[in-house]
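# Topology and contacts: notes
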Amino acid sequence: MRIQFLLILAALLVAGAVTADEEGHVCPAHLAAEQGHNAFAEMHHVIAPAWHDAWPNKNYDALIEFAPKFEATYQGVAEMKPDLKIEARQERFEKRRTLLGDLVTQYAEAAKKGDKEKVYALMPDLHEAFEQAAASLVPIEYPEFEGVDITSAMILDEHIPAENYEGVVGSTETLLTQLEVLTAESVPSDLSYFKEDIVKRFEKMRERAAKMKECCDNNDMDLYKEHAMAFRAAVTSFQADYL
C-alpha cells in the first residue's frame, strides 16, 4: 500500500512540474496545450527536467544528453500550422518559433562538441524562447489594459490632430487613473509567468504619462506629442508581446 501511495504522489509531483514553475506561475506551454497545441506539451516534458533540475544543479552531462531530445520534440513544434486568425499573432508566433529553432540548433551543436559551458549558457535563452513561443499561441484578455489602449489611441488619433487641448488634458488625466490599476495584482493569471517584466513596463508607462501631464501643465504640446507617441509605442509593444 505504501509503495502505491508513493507512486501516486510521484505522479502528482510530475504533473505539477508540467503545469507550474517553482514560484507557482502557470506555464505558457501548459496553456498552449490546453488550446490543443500538443507539440508544446511534448517538448515541455523534456525541457522541464532540464530547466528545473539539470540546469540549477549544473549537471552538465545531463544537459548534453537532453540535446537530441530537444531536437526531436522541436520537430513537432516546427511542423505546427496554427490558424491564429489575427495576422499579428501569427507573425509573432512564427518569429518566436524561428528563434526557438535557432537556439535548439545552437544547443545541439554545442552538445555534439561536448561544450558544457555553452549548453549551460544557452539553456536559459532556450527555455525563455520556448515559453515565449507558447505564450504567443494563447489569447489573453486584459480588460484593464484595454482602457489604456483606447485612451492612448484617442489622444494621438483624435485630440492632437484636432488641436483639442481640452481633450488632451482630460484624456491624459484619464490615462493616469487607468494606469493606477495596472498593478501586479491586475495581471491575468495566464500572464503570471511574465509578471516581473510586465510590472516593470507598467512603471515605465506611468513615468511617461507623468511627463505627458507635466507638458499639459506647462502648455508644451510639441514635447507632449513626443511623449504621447513614445507612450503609444510602449502600448503596442506590450500588446505585441503579451496580448
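Let us look at the overall build of the protein. When helices and strands are tallied, the protein shows ten helices and zero strands. Beginning at the N terminus, the succession of helices and strands in the protein can be written as α-α-α-α-α-α-α-α-α-α. Sequence-distant contacts in the protein: of pairs separated by 6 or more residues, those separated by 24 or more amount to 72%. Counting only carbon and sulfur atoms, one obtains 53% of the accessible surface of the protein, whose full area is about 13400 Å².

What follows covers the packing of helix α7 (residues 143-159) against helix α8 (residues 165-180). Two numbers describe how α7 lies on α8: the axes approach to 9 Å, and their chain directions differ by 165°. It follows that α7 is roughly antiparallel to α8 by the angle criterion. Between α7 and α8 the crossing geometry is left-handed. On α8, the residues touching G147, V148, T151, S152, M154, I155 and H159 of α7 are G167, V168, S171, T172, T174, L175, Q178 and L179. Of the residues in the contact of α7 with α8, the class split is six nonpolar, nine polar and no charged.

Time to look at the nonpolar core. Ranked by internal contacts, the top residues of the largest apolar core, which has 69 residues, are F40 and F70. Ranked by residues supplied to this core, first place goes to helix α6 (residues 116-135) with ten residues. In contact with F70, other than residues within four places in its own chain, are M43, V46, I47, A50, V104, Y107, M123 and L126.

Positive phi, normally seen in glycine, also occurs at K58, with a value near 50°. Here K58 is to be found in the loop between α3 (38-54) and α4 (60-78). Relative accessible area serves as the criterion here: at 48%, K58 is assigned to the partly exposed category. One non-glycine residue with positive phi stands out, namely E163, at about 55°. Following the sequence through the fold, E163 ends up in the loop between α7 and α8.

This paragraph deals with the confidence of the model for the protein. Looking at the protein, the pLDDT average stands at 87 and 88% of residues meet or exceed 70. A low-confidence stretch, residues 1-24 (pLDDT under 50), is modelled with 14 contacts involving residues beyond four sequence positions or located in other chains.

Moving on, we get to the pattern of salt bridges. Counted under the stated rule, the structure contains six salt bridges. The salt bridge partner of R201 is D197, with a shortest N-O separation of 3.1 Å. Of this pair, R201 and D197 both sit in helix α9 (residues 195-218), four residues apart, roughly one helical turn. Given the relative accessible area of 32%, D197 is considered partly exposed. With a closest N to O distance of 3.0 Å, D217 and K213 form a salt bridge. Taken together, the positions of D217 and K213, both in helix α9 and four residues apart, correspond to about one turn of that helix.

Helix length check: α3 (17 residues) gives 24 Å between terminal C-alpha atoms against 24 Å at 1.5 Å per residue, within 8%. Of all the bends in α3, the greatest, near 30°, is centred on H44. Turning to α3, its buried residues are A39, F40, M43, H44, V46, I47, A48, A50, W51 and A54.

Glancing now at the state of the cysteines. A complete count under the given rule lists zero disulfides for this structure. Not engaged in a disulfide, the cysteine C215 finds its nearest cysteine sulfur in C216; these two sulfurs lie 7.2 Å apart. On the basis of relative accessible area, C216 is assigned to the buried category, the value being 4%.

Now for the side chain of T172. Structurally, T172 can be placed in helix α8. If near-sequence neighbours (up to four positions away) are discounted, T172 is found in contact with I155, A209, M212, K213, C216 and Y224.

Criteria and cut-off values
Residue positions within a chain follow its written sequence, with the count starting from 1. Per-residue local features are limited, in this predicted model, to residues with pLDDT of at least 70; the limit for side-chain atom pairs, both in listing and counting, is 80 or more; totals at the level of whole chains, interfaces and linings are taken over all residues. Where side-chain values are given, they derive from all heavy atoms of the structure, hydrogens and water being excluded. Secondary structure elements follow DSSP: runs of H or I no shorter than four residues count as helices, runs of E no shorter than two count as strands, and numbering proceeds from the N terminus. Residue contacts are defined here by distance: any two heavy atoms, one from each residue, within 4.5 Å place the two residues in contact. The accessible surface values rely on the Shrake-Rupley method and a 1.4 Å probe; as for residues, cover is taken only from the protein chains in view. Convention adopted: a line fitted to C-alpha atoms gives each axis, helices being fitted over their contacting stretch, and angles between N-to-C directions are expressed from 0 to 180 degrees. Roughly parallel refers to an angle under 35 degrees, roughly antiparallel to one over 145, roughly perpendicular to one between 65 and 115, and oblique to any angle outside these ranges. Take the far helix as the reference: if the near one is turned anticlockwise from it by less than a right angle, the crossing is left-handed, and if turned clockwise, right-handed. In this classification, the charged set is Asp, Glu, Lys and Arg, the nonpolar set is Ala, Val, Leu, Ile, Met, Phe, Trp, Tyr, Cys and Pro, and all remaining amino acids, among them Gly, are polar. Nine residue types can take part in a nonpolar core, namely buried Ala, Val, Leu, Ile, Met, Phe, Trp, Tyr and Cys, and a core is a set of them joined through side-chain atoms within 4.5 Å. Think of it in three bands: residues with accessible area under 20% of the maximum for their type are buried, residues over 50% are exposed, and the middle band is partly exposed, with areas taken using a 1.4 Å probe on protein chains only. Per residue, pLDDT captures the predictor's confidence, and it can take any value from 0 to 100. For this analysis, a salt bridge means a side-chain nitrogen from Lys or Arg found within 4 Å of a carboxyl oxygen belonging to Asp or Glu. For a helix, the expected span equals 1.5 Å multiplied by the number of residues minus one. The term bend refers to the angle at a residue between two fitted axes, each drawn through seven residues, those ending there and those starting there. When two cysteine sulfur atoms are found within 2.5 Å, that pair is recorded as a disulfide.

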